[in-house]
Structure formats: C-alpha cells, structure tokens
Amino acid sequence: MNFDQARFNMVEQQIRPWDVLDPHILELFSEIPRHHFVAPEQQTLAYSDFELPIGKGQTMLPPRVEARILQGLTPCADDKALEIGTGSGFTTALLAASTESVTTVEIHPELQDTAKTRLQDFDNIVFAQGDAHQGWEDGQHYDVIFVTGAVPKMVDAFKQQLTLGGRLAITTGQAPAMTTQILTRVSDQEWASEPLFETVLPYLVNAEPGETFQF
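In short, a report on the structure.

1. Notes on the overall build of the chain
Part 1: Helix and strand content of the chain: six helices and nine strands.
Part 2: Taken against the 2.2 N^0.38 rule, which gives 17 Å for 215 residues, the C-alpha radius of gyration of the chain at 16 Å falls within 12% of a compact globule.
Part 3: The C-alpha extent of the chain, read off along each of the three principal axes, is 50 × 35 × 35 Å.
Part 4: Across the 215 residues in the chain, those meeting the buried criterion constitute 54%.
Part 5: Within the chain, residue pairs in contact and separated by at least 24 positions form 52% of the contacts whose partners lie at least 6 positions apart.
Part 6: Approximately 9600 Å² of the chain is accessible, and the part contributed by carbon and sulfur atoms is 49%.

Structure (structure tokens):
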C-alpha cells in the first residue's frame, strides 16, 4: 500500500472537506504517519474515515474528527496540554508536535505501554495511568485539554484546570444527540463555549450514563 498517497487522500478527501483549513493542522496530518499508531494488521485501514478498534474496547477517532477538534483547540508552541485517553498515541503525537509539553492519561496500562513505544521520538510527553473521566487532579493547569471520549455532561474539574485563555475540547450528551465543543476560559469564573459539530462518540471508561458518572 502507498501510505504517502493514502495520507494525501485522507487530508484532501476527508479533512479539508470538513472545514479544516488551518495550515498547521493540515501539515501535522500530512507529516505524522498515522499507520505507525496501529497494529501491523490494521495499517491498511489507518487512513479510513471510521472509528478503528485498538483493543480494550477502545477506538481511534476518525481523522476528520481529530483534525476538526485540534483546529478548534488552536495549540501553540508554548502551550501545556492535557490529553484524557492516550489510546493509540496518535492524538498524543499531534499534541506533542504542536505544544511545549503533553500530559496524557490512560486507564488501560496495556494501551499506554504500546503507545509509549510509538512515541519514543518525542521527549515532551508525560505518561500517567488512571481513571480521569471526572477530571485529573494533578495540581497543574493547562492551556489545552483534549478529552478524547464522550461524557454525559460537562465535567467541572476540566473547566477549573484551564489557564486563563485555555481551551477545552469535550463531547457531551447522550446518543443520538452529542455535541463536541470548545470551551475557553475568559476569566476566573467565566467560560465561552463554541459548538463544533453534532456527533456520537464512545464514552470514556466509567462515564457511561448509569455507571459511576455522578450527575
């Protein structure tokens, strides 16, 4: 398979048509080889427009969804980023290539261990393991927070972890009516919301309605 051609087609046929026009975001998806972040037997599917299973009941987001969210987050070179859900490590790589540092949290040790081997070229990633579906209390504040799975409603702990001007990407609601939005902290007690798109995404582990998520 010609992976360079597949990557070009992904950008031109999936990502651009979904209103992702930021040159930096397009460059990231053009240069970072997505097929390096899946199992060898899945590499021919790495650039496809669907959620790709990666084990432990988890999936990779479709490329156009990752790109649209990343564009909304507008990561900058001096930003500190927090990722909830390491998964395959691909989104981690996108963030690491765009920001000063990334803390990435994963509930499944096996998934994160595999991702670590794929991310050895980056020296600005801190790996943490645990359940972060209701926040990640590490005493830090972040300029960018990317929650890679859905939650039933907004998680206040993530809002409070934003720096002034910090951006949070989060998907809330219940199928078939979920909304992915960017929340920007504009003051100590004020946040501005920008809806990006309607979607249905898998919930973070333990965030499923009726499970341990506290309303």
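2. So, helix H1 (residues 3-15)
The periodicity of an α-helix, 3.6 residues per turn, causes residues three or four positions apart to be oriented the same way.
Part 1: Residues Phe 3, Ala 6, Arg 7, Met 10, Val 11, Gln 14 and Ile 15 constitute the buried set of H1.
Part 2: Buried positions along H1 lie against helix H2 (23-31) and helix H3 (63-73).
Part 3: The backbone nitrogen of Asp 4 lies 3.2 Å from a side-chain oxygen of the residue at the head of H1, namely Asn 2.

3. Quick look at helix H5 (residues 109-118)
Part 1: Those residues of H5 that fall on the buried side of the exposure criterion are Leu 111, Gln 112 and Ala 115. Projection of H5 onto a plane perpendicular to its axis shows the buried side chains occupying an angular sector of 90 degrees, all on one side.

4. A closer look at the side chain of Glu 83
Part 1: Counting through the fold element by element, Glu 83 comes out in strand E3 (residues 80-84).
Part 2: Among the polar contacts made by the side chain of Glu 83, one reaches the side chain of Thr 104 at a distance of 2.6 Å.
Part 3: With residues near it in sequence (within four places) discarded, Glu 83 still touches Thr 91, Thr 92, Leu 95, Val 102, Thr 103, Thr 104, Val 105, Phe 146 and Thr 148.

5. A short note on the packing of H1 against H3
Part 1: Relative to each other, H1 and H3 sit at 75 degrees, their axes nearing to 10 Å. With respect to each other, H1 and H3 are oriented roughly perpendicular. Here Met 10, Gln 14 and Ile 15 of H1 lie close against H3, whose contacting residues are Pro 63, Arg 64 and Ala 67.

6. Overview of the packing of aromatic side chains
Part 1: Counted according to the given criterion, the structure contains four aromatic pairs.
Part 2: When the centroid spacing of 4.8 Å and the interplanar angle of 50 degrees are considered together, the rings of Trp 18 and Phe 197 count as tilted. One end of the pair, Trp 18, is in the loop between H1 and H2; the other, Phe 197, is in strand E9 (residues 190-199), with 179 residues separating them in the sequence.
Part 3: What makes Trp 18 partly exposed here is its relative accessible area of 23%.
Part 4: The exposure class assigned to Phe 197 is buried, which follows from its relative accessible area of 9%.
Part 5: Centroid distance Phe 37 to Phe 90: 5.6 Å. Interplanar angle 65 degrees. Geometry classified as edge-to-face.

7. Some thoughts on the pairing of strand E5 (residues 125-129)
Part 1: Relative to E5, strand E4 (residues 101-106) runs parallel, the two being bridged by five bridges. Bridged to Thr 103 within E5 is Val 126.
Part 2: Taken together, E4, H5 and E5 form a β-α-β motif whose crossover is right-handed.

8. Focus on the nonpolar core
Part 1: Residues Phe 29 and Ile 84 are the most contacted members of the largest nonpolar core, which totals 63 residues.
Part 2: Sorting elements by how many residues they give to this core places strand E6 (residues 142-151) first, with seven residues.
Part 3: When neighbours within four sequence positions are excluded, Phe 29 is seen to be in contact with Arg 7, Met 10, Val 11, Ile 15, Pro 63, Glu 66, Ala 67, Leu 70, Phe 90 and Leu 94.

What counts as what
- Residues numbered from 1 in each chain as written.
- Predicted model: local features only at pLDDT ≥ 70, side-chain atom pairs only at ≥ 80, totals over all residues.
- Heavy atoms only, no water.
- Helix = DSSP H or I, 4+ residues; strand = E, 2+ residues; numbered from the N terminus.
- Rg over C-alpha atoms; globule rule 2.2 N^0.38 Å.
- Buried < 20%, exposed > 50% of the residue type's maximum accessible area, 1.4 Å probe, protein only.
- Contact = heavy atoms within 4.5 Å.
- Areas by Shrake-Rupley, 256 points an atom, 1.4 Å probe, with all protein chains shown as cover.
- Polar contact = N/O pair within 3.5 Å; in protein donor to acceptor, adjacent residues only side chain to side chain.
- Arc of directions from axis to C-beta.
- Axes fitted to C-alpha atoms, helices over the stretch in contact; angles between N-to-C directions.
- Parallel < 35°, antiparallel > 145°, perpendicular 65-115°, else oblique.
- Phe/Tyr/Trp six-rings, centres within 6.5 Å; stacked < 30°, edge-to-face > 60°.
- Pairing = 2+ DSSP bridges.
- Right-handed = clockwise from strand over helix to strand, strands pointing away.
- Core = buried A, V, L, I, M, F, W, Y, C linked by side-chain atoms within 4.5 Å.

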